[in-house]
Amino acid sequence: MPRRFHIETVGCQMNVLDSELVTASLLAAGYEAARNRREADVVLFNTCSVRQHAEDKVYSALGRLKHLKDQHPHKIIAVLGCMAQKDQAGIFKRAPHVDLVVGPGQIGRLPLLLAQVAAARQPLMEVSLGRRAASRAEVEQSFEAYDPIRIVQARQSVHQAMVRVMFGCDKFCTYCIVPSVRGPEQSRPFDEIESEVRQLADQGCVEVTLLGQTVNSYQATAGGRRVGLADLLYRLNSVEGLRRIKFVTNYPRGMGDDLLQAVRDLQKVAPYLHVPAQSGSNAILKRMKRGYAVEEYRQLLERIRATVPGAAVTSDFIVGFCGETEQDFEQTVDLVRFGRFKNSFIFKYSPRAGTKADELFDADVPEDVKRRRNNELLAVQNAISQEENEPFVGRAVEILVEGPSKAAEKQARQGSIVQLTGRTACDRIVVFDGDPSLAGRMLQVEIESANSFTLFARPARRPGTA
Ligand code: SAH
Ligand code: SF4
Ligand code: F3S
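Residues numbered from 1 in each chain as written. Chains lettered and ligands numbered in written order. Predicted model: local features only at pLDDT ≥ 70, side-chain atom pairs only at ≥ 80, totals over all residues. Heavy atoms only, no water.

Caption draft 1: Summary view of the overall build of the chain. Scanning the chain from N- to C-terminus turns up 15 helices and 21 strands. Judged by the C-alpha coordinates and their principal axes, the chain covers about 65 × 60 × 50 Å. Among the 466 residues that make up the chain, the fraction classed as buried is 53%. In the structure as shown, the chain presents an accessible area of about 20400 Å², 50% of it carried by carbon and sulfur atoms. (Helix = DSSP H or I, 4+ residues; strand = E, 2+ residues; numbered from the N terminus. Buried < 20%, exposed > 50% of the residue type's maximum accessible area, 1.4 Å probe, protein only. Areas by Shrake-Rupley, 256 points an atom, 1.4 Å probe, with all protein chains shown as cover.)

Caption draft 2: Fine view of the pattern of salt bridges. This model, assessed by the stated rule, comprises 43 salt bridges. Arg 150 is the partner of Glu 20 in a salt bridge, and the nearest nitrogen-oxygen pair spans 3.0 Å. With Glu 20 in helix 1 (residues 13-28) and Arg 150 in the loop between helix 6 (136-142) and strand 7 (160-164), this residue pair connects regions lying 130 residues apart in the sequence. Here the two residues Glu 20 and Arg 150 agree in accessibility, since each one is buried. Here Glu 196 and Arg 188 are joined by a salt bridge, their closest N and O atoms 2.7 Å apart. (Salt bridge = Lys/Arg side-chain N within 4 Å of Asp/Glu carboxyl O.)

Caption draft 3: Here's a closer look at the site of ligand 1. Within the structure, ligand 1 sits among 15 residues, and Arg 51, Gln 213, Gln 278, Asp 316 and Ser 350 are positioned closest to it. Measuring from a nitrogen atom of ligand 1, one finds a backbone N or O atom of Tyr 175 at 3.0 Å. At a separation of 2.8 Å, a nitrogen atom of ligand 1 approaches a polar backbone atom of Ser 350. In isolation ligand 1 exposes 530 Å². Once the protein is present, 90% of that is buried. Of all elements in the fold, only strand 15 (312-319) and strand 16 (343-348) reach the threshold of two or more residues within the shell around ligand 1. A class-by-class count of the residues in the shell around ligand 1 yields six nonpolar, four polar and five charged. (Near = heavy atom within 4 Å. Polar contact = N/O pair within 3.5 Å; in protein donor to acceptor, adjacent residues only side chain to side chain. Nonpolar A, V, L, I, M, F, W, Y, C, P; charged D, E, K, R; others polar.)

Caption draft 4: Up close: the side chain of Lys 75. Structurally, Lys 75 is set in the loop between helix 2 (52-71) and strand 4 (76-81). Buried charged residue Lys 75 carries no salt bridge. Nearest counter-charge: Asp 41, at 6.4 Å. One polar contact links the side chain of Lys 75 to the main-chain carbonyl oxygen of Arg 38, over a distance of 2.8 Å. (Lys, Arg positive; Asp, Glu negative; His and termini not counted.)

Caption draft 5: Looking closely at the domain arrangement of the chain. You can read the domains of the chain as domain 1 (4-142), domain 2 (154-390) and domain 3 (393-459). Centre-to-centre separation of domain 1 and domain 3, based on C-alpha positions: 36 Å. (Domains from an automatic or database assignment.)

Structural data, given as structure tokens:
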């Protein structure tokens, strides 16, 4: 019976959460965490298909594992997540040394599936139905929901956790693979989410981030009436021990006033809204089938500014989508200037087999043009991020201390002073020197300087001396 596992994760926060849940289920089944691929009896890759690059990374890691598998034929190699759902048996073709392929809708059964593979010693694949393969109800069921076990040992941080509020996506933006690999939109029951958050708070968690591909589409029933994300925020705001609530990702349509008012009025809800625009050109938005015009997106930004003054808004943009002209791109630059986003994630369009865009449009923007547009837009955004960060200099802000920075992780001992990171309520990263035992605390710090990405604060006093 294999005992030690090692899991590697690419992709979005949903995948990070799934890997945590897989880790929890394996620990509960008696497995132990190994330090690396070599020491592990089971090597798992939790994969992403959103762009070609994410897939290439995993296929090349799998390629490098072939040698190890030849030397240790009993090592089990498993591919989980979105790429498993997208490529299915194609993974065995490209990497015949893979033993197990498991879609995001089956990972709840992973301990069982691993036991099966170990016993039968032959490849196994478990994936969900395609979106058009059966009735909606059958497809929904094939993305199996599971009640996660949340244990502190499986998490990267005791103090912060992600909580899924919904599965899947029904928006079908033409460029995007997510609706096919993550299945139909399904909201988790209201009470189930609440009890999971209470459990996390009891474990010492002070911050939760609610996750959904379009988190503001959350819909359920509670107490006999229909409830949405705003209602959920009201309910979670009363969870004792919890200090901060965030939620990602918002779909621009459906940012109701009730949601914005909840963000304004609820003390624990962070004034931070990730609302990807994708493009500033109506022609492109239409081709992307985003369901809004840029004027509506601008009005949304104005509504956010009016309702939640000081809120940090962040966005995603795709450059070089099919047919994007220089003029379309300039309109995106204009939107970034107008939006004054705290930051934006900018991606070069990556054609995805199985999407409408790949079927219908010519991916006609050359790679070097995409690269230039990416760099240009990033430069505009970075200058804005810097300008938006500068007013913090000289101000005292409250942060949630996350723990030692990456660079300081190795030296972090209690009683020593190392570089720590924390975040403001509006999701700005703050770096300062302090005692690692401050992790999980809310702390007032004074900002001394800032760049586009980070606020730098004065060293914190030792805990207990404040
Ligand atoms: N549900 C979220 C996140 C989807 S994936 C949302 O709707 O915003 C995260 C980001 O990846 C998207 O916002 C989009 O900017 C980008 N993305 C998705 N498909 C892509 C593709 N084919 N090529 C490049 N970027 C893509
Ligand atoms: Fe993809 Fe659009 Fe759904 Fe986001 S809303 S996951 S971009 S299809
Ligand atoms: Fe990637 Fe799947 Fe997330 S495709 S972005 S890991 S939902």
